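Report on the structure
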Amino acid sequence: MTNISSTLQETRRFKPDPSFAQQANLGPQLYQALKEEAAQDYEAYWARLARKELVWRKDFQTTLEWEAPFAKWFQEGELNMAEQCLDRHLNTATKHKAAIIWEGEPGEQRTLTYQQLHAKVAQCANALLEMGVKAGDVVTVYLPMIPELAIAVLACARIGAPHSVIFGGFAPNAIRDRVEDADSKFIITADGGWRRGSVIALKDNVDEALATGCPNVQNVLVVKRTNNAVKWTDERDIWWHDTVDSASTKHQAQAFNAEHPLFILYTSGTTGKPKGVVHATAGYALWTKLTTRWVFDLKPEDTYWCTADVGWITGHSYIVYGPLQNGATIMMYEGAPNYPEPDRFWDIVERHQVTVFYTAPTAIRAFMKWGDDHVLKHDLSSLRLLGTVGEPINPEAWIWYHELIGKERCPIVDTWWQTETGGIMISPLPGVTTTVPGSATQPLPGIDAHIVSGEGEDVGPNQGGYLVIKKPWPSMLRNIYGNPERFKNGYYGRFENFYFAGDGARRDQDGNFWIMGRIDDVINVSGHRLGTMEIESALVSHPAVCEAAVVPRPDDLKGQAIVAFVTLEVEADDLESLKAELSDHVVQEIGALARPAEIRFTDSLPKTRSGKIMRRLLSDIASGREAGDTTTLEDASVLNKLRDED
Ligand code: WT7
């Protein structure tokens, strides 16, 4: 979490380079004009952009229907998302340009032009239809970072089947929960994927998930990637190379309603159950297209690389949908940043002449730790713009990024947004904004972001408060899959008419936003959201555990690390091996990214008189801070005991 007193002292300012501003897609004049247009007539602004940017098969009449928290954008309109990304480029020069340049971790390379990608997507769409997938059916996609991941996602979009991508690092139980929640009947996976020189056996994980649940799954489509042995269920499993590769490359894309669900993406919330964030087609298409062009200043000649996995929203919006709509060339890399050596990313940048590079602060901090030599031995002069996302970037990492990677030449865009917002909301514009290390600066034109008090009143400069979005925006989530109550309470519960994102923030005297971190029970580990309840449920499901409380502790590398306080059901002889066992148990239940950095056994947890665990106090202890307000604590001695156990 960014510390207010430290960021208040951040006085360095970086004005846009005039020569960059001159060539920028969005310069100062256009920026002013857009802001004024949005302020003057909000709906007309969005309607104009939607008609200009998207290929409509049928025009819309209503720009916005808003009954908080339910929004409908461009509701009579019809379009096809795959057409926005692919078909529209086929009668332009973009047709023969590389859409995806892919590199596998072991080093193999593939390039797909827009025309080739279009053909592959058509084949996959035809194969899915052949399997019996219908518009509206949720297709689960659990793949490594290979071109088939982008192909699968676009094929689903093409036939109106909402995709639910599950990050390849998730464990069988997490797959099962998501497949069941979405009642998904079809899964696309691979035999495996490469990570740090070993195979992650994805198909095995799917098999295990299906052995313990998901009775409605009809088919599993399997890409052969790593050639490891897989178990086969004849009536259920289908090889990709047997069906997709022989399918027709012709597919007439049908138009779908603007509000047709494009995808579900599961994210962590404050309760144990992951929530399926639902995004609609047209609004999401519009905002990912615009933000990609504005924030990353993408030009036809750019080679753009976002290092996220398509399993997260960053990959959905800024590897697949945003860049492809803009006809960009995307770099896609399968594996770890330090394999075979810690210079892998810079090696890729140099060899492929990457121009725009988008990564997470946690990765930047890892590169800093690995040493400057790995960076300095590569020629990074192709780079012209850098971005970050996922968590607040500490000014020290920002400056390192600016000096070592950007050679003080490249603007840095620190982009604040969320799974739920669909696209970037607060970010510098590289040709317009004076950047300040550690601040995501200002909302983009059309985004109505404010900092408010608990009563919903705007607060003054440098006062902390809740970060809210007052007006609905086109790429906002439409629902939590199958749970409108959770949608309403989770996002429009605290303030009836404002979207509340879960982040605390302040605005400085220049109007720049400083994100202070989550105020809810969500931990941000390496830019990934994990619900404390989810990890607690996993711990409590172990027979030795009675109660568990999970809290964040600041971590130099990951931003936040997970600390679990656990009370035991039974007396254990070997506490160290039990710790290891519980740690593995969490990994088994959720996935490696949820592994606790520390487990502490204790006799009792601090609770309020009404019996709620006071995680805030535990977090103070885990972080070595003075405990805050303890007046509501039921038994004050618990706190001292916990400290003594430290
Ligand atoms: C949470 C959303 C959006 C893609 C990646 C994460 C934190 C995200 C920033 C930033 C400070 C940030 C917030 C937010 N966050 N970007 N630039 N500065 N904090 O998506 O998993 O939905 O997490 O990540 O706390 O609420 P997500």
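Residues numbered from 1 in each chain as written. Predicted model: local features only at pLDDT ≥ 70, side-chain atom pairs only at ≥ 80, totals over all residues. Heavy atoms only, no water.

1. Re the pattern of salt bridges
This model, assessed by the stated rule, comprises 40 salt bridges. Ionic pairing is found between Lys471 and Asp448, a salt bridge with its closest N-O pair at 3.7 Å. Here Asp448 lies in the loop between β20 (412-415) and β21 (449-452) and Lys471 lies in the loop between β22 (465-469) and β23 (479-480), a separation of 23 residues in the sequence. Overall, the relative accessible area of 18% leaves Asp448 in the buried class. Close ionic contact of Arg518 with Asp520 constitutes a salt bridge, the shortest N to O distance being 2.6 Å. (Salt bridge = Lys/Arg side-chain N within 4 Å of Asp/Glu carboxyl O. Helix = DSSP H or I, 4+ residues; strand = E, 2+ residues; numbered from the N terminus. Buried < 20%, exposed > 50% of the residue type's maximum accessible area, 1.4 Å probe, protein only.)

2. A closer look at the sheet that holds strand β14 (residues 261-267)
Across the sheet, which stays open at both edges, the 8 strands sit in the order β12-β11-β8-β6-β7-β14-β15-β23 with mixed pairing between neighbours. With one partner strand each, in any of the chains shown, β12 (237-239) and β23 form the two edges of the open sheet. Two strands pair when backbone bridges link them, and strand β15 (residues 275-280) and β23 are joined in this way by 2 bridges, in the antiparallel orientation. Residue pairing in the sheet places Val278 in a bridge with Asn479 of β23. Strand contacts of helix α7 (residues 147-158): β6 (139-142), β7 (163-165), β8 (186-190), β11 (219-223) and β14, with the helix running at about 155° to β7, the strand carrying the most contacts. (Pairing = 2+ DSSP bridges. Contact = heavy atoms within 4.5 Å. Axes fitted to C-alpha atoms, helices over the stretch in contact; angles between N-to-C directions.)

3. Quick look at the site of the ligand
The full set close to the ligand counts 18 residues, and Asp414, Thr415, Gln418, Thr419 and Arg518 are the nearest of them. At 2.7 Å, a side-chain N or O of Asp414 approaches a nitrogen atom of the ligand. Coverage of the ligand by the protein amounts to 95% of the 560 Å² it exposes when considered alone. Mapped onto the shell around the ligand, the elements with two or more residues apiece are α12 (313-325), β20 and β25 (513-518). (Near = heavy atom within 4 Å. Polar contact = N/O pair within 3.5 Å; in protein donor to acceptor, adjacent residues only side chain to side chain. Areas by Shrake-Rupley, 256 points an atom, 1.4 Å probe, with all protein chains shown as cover.)

4. Things to note about the packing of helix α18 (residues 532-540) against helix α19 (residues 575-589)
Between α18 and α19, the least distance of the axes is 9 Å, while the angle of their chain directions is 120°. Between α18 and α19, the crossing angle belongs to the class labelled oblique. Considering the relative orientation of α18 and α19, their crossing is right-handed. For the pair α18 and α19, contact is made by Ile535, Ala538 and Leu539 and by Leu582, His585, Val586 and Glu589, respectively. Each residue belonging to the contact of α18 with α19 can be placed in one class, and the counts come to 5 nonpolar, 1 polar and 1 charged. (Parallel < 35°, antiparallel > 145°, perpendicular 65-115°, else oblique. Left-handed = near helix turned anticlockwise from the far one by under 90°. Nonpolar A, V, L, I, M, F, W, Y, C, P; charged D, E, K, R; others polar.)

5. Let's talk about unusual backbone geometry
Residue Pro69 is reached from Ala68 by a cis peptide bond, and omega for that bond is 5°. Mapped onto the secondary structure, Pro69 falls in the loop between β1 (64-67) and β2 (70-73). Residue Pro340 follows Tyr339 across a cis peptide bond; omega there is -5°. Relative to the assigned elements, Pro340 resides in the loop between β17 (329-333) and α13 (344-352). Unusually for a residue other than glycine, Thr441 sits at a positive phi of about 60°. Positionally, Thr441 belongs in the loop between β20 and β21. The buried category is assigned to Thr441, whose relative accessible area is 0%.

6. Comments concerning the UniProt feature "modified residue: N6-acetyllysine" (unreviewed entry) in the chain
With numbering matched to this structure, UniProt assigns "modified residue: N6-acetyllysine" (unreviewed entry) to Lys612. Classification of Lys612 as exposed rests on a relative accessible area of 60%. (UniProt positions renumbered as here; feature names shortened; annotations may be inferred.)

7. Concerning the UniProt feature "domain: Acetyl-coenzyme A synthetase N-terminal" (unreviewed entry) in the chain
In the numbering used here, UniProt assigns the "domain: Acetyl-coenzyme A synthetase N-terminal" (unreviewed entry) feature to residues 31-85. Between the C-alpha atoms that bound residues 31-85 the distance is 25 Å, and the span itself is 49% helix and 18% strand.

8. Focus on the packing of aromatic side chains
Counted by the stated rule, this structure contains 42 aromatic pairs. The interplanar angle of 85° and the centroid separation of 6.1 Å between the aromatic rings of Phe167 and Phe170 together place this pair among those described as edge-to-face. Between Phe345 and Trp346, the ring centres sit 6.5 Å apart and the planes meet at 80°, which makes this aromatic pair edge-to-face. Across this residue pair, the class does not change: Phe345 and Trp346 are buried. The positively charged end of Arg51 is found above the aromatic ring belonging to Phe60, 4.0 Å away from the centroid. (Phe/Tyr/Trp six-rings, centres within 6.5 Å; stacked < 30°, edge-to-face > 60°. Lys NZ or Arg CZ within 6 Å of the ring centre and 35° of its normal.)

9. Comments concerning the sheet that holds strand β4 (residues 98-103)
Taken in spatial order, the 7 strands of this open sheet run β5-β4-β17-β16-β18-β19-β20, and their pairing is mixed. With one partner strand each, in any of the chains shown, β5 (109-113) and β20 form the two edges of the open sheet. Within this sheet the neighbouring strands show an average axis-to-axis angle of 20°, counted without direction. In this sheet, strand β19 (residues 385-389) lies alongside strand β18 (residues 356-359) in parallel orientation, the contact comprising 4 bridges. Its bridge partner lying in β19, Phe357 is registered against Leu386. Seen against the sheet, α7 touches β4, β5 and β17 and runs at an angle of roughly 30° to β5. Sitting on the sheet, α12 touches β4, β16 (303-306), β17, β18 and β19, and the angle it makes with β16 is about 165°.

10. Some words on the side chain of Asn173
Residue placement: Asn173 occurs in helix α8 (residues 172-181). Judged by its relative accessible area of 15%, Asn173 is buried. Polar contacts involving the side chain of Asn173 include one to the side chain of Glu589, which spans 2.9 Å. Contact partners of Asn173, with chain neighbours within four places excluded, come to Gln588 and Glu589.

11. Notes on α19
The end-to-end C-alpha separation of α19 is 21 Å, in line with the 21 Å expected for 15 residues at 1.5 Å each. Within the span of α19, buried status applies to Leu578, Leu582, Ser583, His585, Val586 and Val587. Backbone geometry just downstream of α19 places Gly591 in the positive-phi region, at approximately 140°. (Expected span 1.5 Å × (residues − 1).)

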